[in-house]
Amino acid sequence: MALYNAHPGKPLIRITRNTAIITVLLLFALATIFPIYFMIISSFGEPVAAGAMDYRLFPSSFSLESYKFFFEFSPYTWRWLLNSLIVATTVMVTNVLFASMAGYAFSKIKFKGRVLIFSIMLVAMMIPYQVTQVPLYILIVNIFHIENTYTALILPGLVTVYNIFLAKQFMSSIPNEILECAKIEGCNQFQIYFRIILPLSKTVLAVMAILTFMDNWNTFFWPLLVTNSMDMQTIQVGLKSFKFANTTLFAPMMAGATISALPMFILFFSLQKYFLEGVTVGAVKG
Amino acid sequence: MTEYAKPIKRRKINSDAIWGYAFIAAALLIFLMFTAYPVVSALIISFQEYKPVGSTFIGFDNYTETFKDSLFWKAIVNTIVYTLLTVPVSLFLSFAVSILILPFKKRMQTAFKAVYYLPAVASGVALSVVWLWIYDPMPEGIFNKLTSFFGLGTHNWLGSSAYAMFSLVLMAWLSSHGTSIIIYLAALLGIDGSYYEAAELDGANFFQKLRYIVVPCLKPTTLFLLVTGVIGSFQVFQNAYLMTGGGPDNATTMVGLLIFNNAFKYFEFGKAAAQSLILAAIIAGISVIQFKFLGKDVEY
């Protein structure tokens with residue numbers, strides 16, 4: 001029994017209904033992915049000024065000239081990609097490590113102040129980022145004087161409360177009996193964490209790693225603030241400067257946009273399950 | 001709350017506690033340095049005329065100035081308009097799509113989920129670059145071609161104060177519901193089949209089941225998406241910054257962009273800090289109201 005009636009013995013009605021639904025869903029899906037489609041097909045156009053090109057929905061020619069143009073436009077294009085990769089990877093690794101450790105402690109180890117510290121962190125999660133942006137900028141640029149460094153790009157993102165929360169939620173569901181057994185067998189807390197908690201939490205850690213990588217690959221705001229030299233910018237900030245430098249070169253802009261999105265598309269299609277699962281972790285009570 | 005492993009000996013508790021502190025040490029240190037300290041610092045800066053060396057304490061001046069600033073109120077109104085236009089529509093679209101996806105087999109559900117989620121994977125900058133070209137004011141622009149095909153004429157979508165806000169809203173309608181669809185679908189699949197069974201025995205049709213079973217069962221999910229959606233919308237910055245720069249004539253200046261401009265364009269850190277705290281208070285207030293009015297019979 002479900003929301004939809006089964007229509008026993010009336011296949012015609014069922015087929016009509018499903019066809020109608022699929023048509024609606026497909027139309028909406030087309031509207032949703034149209035910008036991405038438009039971006040990709042336009043990137044294969046010739047790198048000519050906007051006035052000389054036509055905005056076709058289907059490519060009239062296939063050329064990689066615009067990609068070449070994009071990489072030759074700035075000597076730092078590869079560097080931008082590398083910077084994004086370095087920052088996103090580092091932040092991903094530290095988040096998985098620190099959030100899993102803290103999540104384990106908050107869910108399974110009894111110590112004084114545990115509930116209080118965790119509550120303060122949760123409350124802080126609701127504070128809009130606009131509140132911390134000015135003091136963080138002052139801290140990094142005016143006090144530490146480390147603008148235009150990897151440290152500045154990475155430091156504030158080393159671990160997020162959201163990831164700690166995810167880890168804690170997941171690890172709370174691991175039965176205590178397993179941990180007690182390990183203790184009796186002579187494991188210390190670190191061994192329990194490393195040999196039991198981490199292997200059992202693989203799924204949530206994978207989800208966390210992927211979403212953290214995605215967030216940091218796509219992040220625009222913080223790198224914009226703490227980098228002003230071309231060689232330390234990430235691809236998202238580089239793309240923005242490209243946009244203003246060449247407002248009329250349409251195809252190379254689309255090539256740049258495609259390049260900045262491509263790694264995430266590849267990750268998404270190969271690890272789709274984790275992406276889609278990740279959305280519901282923490283949002284839906286299982 | 002979960003139960004905890006019962007300590008065998010008293011000495012064990014102490015060593016466990018030390019392990020506990022060791023495990024949270026890194027996270028706590030980072031939290032204190034990059035979240036707690038900045039929040040306290042923001043509060044202090046909001047009462048100062050900030051200078052890198054030798055800030056002066058000026059009391060509530062930053063706050064009173066903000067409240068007298070007509071641009072601040074315009075930004076608040078813009079943000080509210082944007083939120084009212086995007087969040088409910090996005091929720092409704094997500095709900096409708098997830099209901100429509102429901103009757104299909106798992107593989108088809110996953111395929112649709114993937115397609116709808118795809119824009120969320122692309123970076124905001126890449127998408128805004130694309131949308132800038134979709135909204136190209138030239139008659140050859142994709143969107144202008146579409147509107148003139150339907151006899152609506154061509155317009156300067158992002159460059160005229162009459163259409164700029166609408167253009168940002170339309171962009172949000174078409175790209176920001178992937179997450180909500182997946183969450184709604186998960187909640188829909190979690191509804192106990194026996195409810196439907198009972199309703200069917202009473203002769204309920206599809207719409208009655210929708211009204212009396214699905215809507216109440218999804219209320220916690222809707223509340224969650226509503227609250228997070230409103231919080232997100234009030235902090236919106238990137239699209240306005242990249243697409244319109246807040247213009248024309250401040251028609252798309254949102255609070256997030258205003259704070260950014262005050263801080264990093266005019267370097268009025270004190271004013272920006274005061275405004276960010278007002279924003280935090282507004283968000284907290286709205287969240288409380290939402291929980292109070294909509295959360296009465298929500299069980300967690």
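The name given to chain B in an unreviewed UniProt entry is Sugar transport system permease, with the source organism recorded as Paenibacillus azoreducens. According to the UniProt record, the Sequence similarities (unreviewed entry) comment for chain B reads "Belongs to the binding-protein-dependent transport system permease family." What UniProt states about chain B under its Subcellular location (unreviewed entry) heading is, verbatim, "Cell membrane".

The name given to chain A in an unreviewed UniProt entry is ABC transporter permease, with Paenibacillus azoreducens as the source organism. The Sequence similarities (unreviewed entry) comment attached to chain A in UniProt states, word for word, "Belongs to the binding-protein-dependent transport system permease family."

(A) Focus on the overall build of chain A. A count of helical and extended segments in chain A gives 14 helices and 0 strands. When its helices and strands are written in sequence order, chain A yields α-α-α-α-α-α-α-α-α-α-α-α-α-α. A compact globule built from 286 residues should have a C-alpha radius of gyration of about 19 Å, whereas chain A, at 24 Å, is more than 25% larger. A principal-axis box enclosing the C-alpha atoms of chain A has dimensions of 75 × 75 × 35 Å. Going through the 286 residues of chain A one by one, you find that 53% of them count as buried.

(B) Inspection of the interface of chain A and chain B at higher detail. Contact with chain A, which involves 104 residues of that partner, is made by 100 residues of chain B. Both faces considered, chain A and chain B share a buried interface measuring about 9200 Å² in area, 78% of it formed by carbon and sulfur atoms. Where chain A packs against chain B, one counts 1 salt bridge. Taking the shortest distance from any N to any O, the salt bridge between B:Asp16 and A:Lys183 comes out at 2.9 Å. Taken together, chain A and chain B are joined by 11 residue pairs in polar contact (both at pLDDT 80 or more). The element best represented in the side of chain A that touches chain B is helix H1 (residues 11-42) of chain A, accounting for 17 residues. A breakdown of the residues in the side of chain A that touches chain B according to their chemical character gives 74 nonpolar, 19 polar and 11 charged.

(C) Representation of the packing of aromatic side chains. Summed over all chains, the structure comprises 51 aromatic pairs over all chains. Arranged with centres 5.8 Å apart and planes meeting at 15°, the rings of A:Phe190 and A:Phe194 form a pair that is stacked. In this pair, A:Phe190 and A:Phe194 both sit in helix H9 (residues 189-200), 4 residues apart, roughly one turn of the helix. Every member of this aromatic cluster is reached through a ring pair, and the members are A:Tyr129, A:Tyr137, A:Phe220, A:Phe221, B:Tyr50, B:Phe237, B:Tyr241, B:Phe260, B:Phe264, B:Phe267 and B:Phe269. Lying across the ring of A:Tyr274, A:Lys273 places its NZ or CZ 4.7 Å from the centre. In this structure, B:Arg211 packs its charged tip against the face of B:Tyr212, placed 5.0 Å from the ring centre.

(D) The arrangement of the UniProt feature "transmembrane region" (unreviewed entry) in chain B in detail. Residue and element names in this part refer to chain B. Summarizing the sequence annotation, UniProt attributes the feature "transmembrane region" (unreviewed entry) to residues 21-47, 80-102, 114-134, 162-191, 212-234 and 272-291 in the numbering used throughout. The span residues 162-191 carries 80% helix and 0% strand; its end-to-end C-alpha distance comes to 44 Å. Helix makes up 100% of residues 272-291 and strand makes up 0%, while its end C-alpha atoms are separated by 29 Å.

(E) Spatial organisation of the pattern of salt bridges. Residues and elements named next belong to chain B. This model, assessed by the stated rule, comprises 4 salt bridges over all chains. Note that Lys-271 and Glu-65 form a salt bridge whose closest N and O atoms lie 3.9 Å from each other. With Lys-271 in helix H14 (residues 269-294) and Glu-65 in helix H2 (residues 61-68), this pair connects stretches of sequence that are 206 residues apart. Judged by relative accessible area, Lys-271 falls into the buried class, the value being 11%.

(F) Spotlight on the UniProt feature "transmembrane region" (unreviewed entry) in chain A. The positions that UniProt labels "transmembrane region" (unreviewed entry) are, in the present scheme, residues 20-40, 80-104, 116-144, 150-171, 192-214 and 249-269 of chain A. End-to-end, the C-alpha atoms of residues 20-40 of chain A are 29 Å apart, and along that stretch the chain is 100% helix and 0% strand.

(G) Focus on the side chain of A:Thr94. Residues and elements named next belong to chain A. Inspection of the secondary structure puts Thr-94 in helix H3 (residues 77-108). Residue Thr-94 is classed as buried on the basis of its relative accessible area, which comes to 13%. In terms of polar contacts, Thr-94 uses its side chain to reach the backbone carbonyl oxygen of Leu-158, at 2.8 Å. Setting aside residues no more than four positions away along its own chain, Thr-94 makes contact with Ala-99 and Leu-158.

(H) The arrangement of the packing of H3(A) against helix H4 (residues 114-125) of chain A in detail. Residue and element names in this part refer to chain A. Axis separation between H3 and H4 bottoms out at 9 Å; the angle between their running directions is 130°. One element, H3, and the other, H4, form an angle in the oblique class. Regarding H3 and H4, the two cross each other, and that crossing is left-handed. The residues of H4 that touch H3, namely those facing Ala-105, Phe-106 and Ser-107, are Arg-114, Ile-117, Phe-118 and Met-121. Within the contact of H3 with H4, the residues separate by chemical class into 5 nonpolar, 1 polar and 1 charged.

(I) Structural context of helix H3 (residues 70-101) of chain B. Over its 32 residues, H3(B) extends 46 Å from the first C-alpha to the last, a length consistent with the 46 Å expected when each residue adds 1.5 Å. Residue B:Asp69 occupies the N-cap position of H3(B), its side-chain oxygen lying 3.0 Å from the main-chain nitrogen of B:Leu71.

(J) Broad picture of a nonpolar patch on the surface. Residues A:Ile143, A:Phe144, B:Met33 and B:Tyr37 make up a contiguous nonpolar surface patch of roughly 340 Å² in combined accessible area. Tracing the backbone through its elements, the reader meets A:Phe144 in the loop between helix H5 (129-143) and helix H6 (150-154).

(K) Quick look at helix H8 (residues 176-184) of chain A. All names here are of chain A. For H8, the set of buried residues is Asn-176, Leu-179, Ala-182 and Lys-183. The buried residues of H8 occupy one face: seen down the axis, they fall within an arc of 120°. Turned more than 90 degrees off the buried face of H8, the exposed positions are Glu-177 and Ile-184. Gly-186 sits one or two residues past H8 and shows a positive phi near 100°.

So, how was this worked out
Residues numbered from 1 in each chain as written. Chains lettered and ligands numbered in written order. Predicted model: local features only at pLDDT ≥ 70, side-chain atom pairs only at ≥ 80, totals over all residues. Heavy atoms only, no water. UniProt positions renumbered as here; feature names shortened; annotations may be inferred. Helix = DSSP H or I, 4+ residues; strand = E, 2+ residues; numbered from the N terminus. Rg over C-alpha atoms; globule rule 2.2 N^0.38 Å. Buried < 20%, exposed > 50% of the residue type's maximum accessible area, 1.4 Å probe, protein only. Contact = heavy atoms within 4.5 Å. Buried area = accessible area lost by both parts, 1.4 Å probe. Salt bridge = Lys/Arg side-chain N within 4 Å of Asp/Glu carboxyl O. Polar contact = N/O pair within 3.5 Å; in protein donor to acceptor, adjacent residues only side chain to side chain. Nonpolar A, V, L, I, M, F, W, Y, C, P; charged D, E, K, R; others polar. Phe/Tyr/Trp six-rings, centres within 6.5 Å; stacked < 30°, edge-to-face > 60°. Lys NZ or Arg CZ within 6 Å of the ring centre and 35° of its normal. Axes fitted to C-alpha atoms, helices over the stretch in contact; angles between N-to-C directions. Parallel < 35°, antiparallel > 145°, perpendicular 65-115°, else oblique. Left-handed = near helix turned anticlockwise from the far one by under 90°. Expected span 1.5 Å × (residues − 1). Patch = residues over 30% accessible without salt bridge, like charges linked within 9 Å, V, L, I, M, F, W, Y side chains within 5 Å. Areas by Shrake-Rupley, 256 points an atom, 1.4 Å probe, with all protein chains shown as cover. Arc of directions from axis to C-beta.

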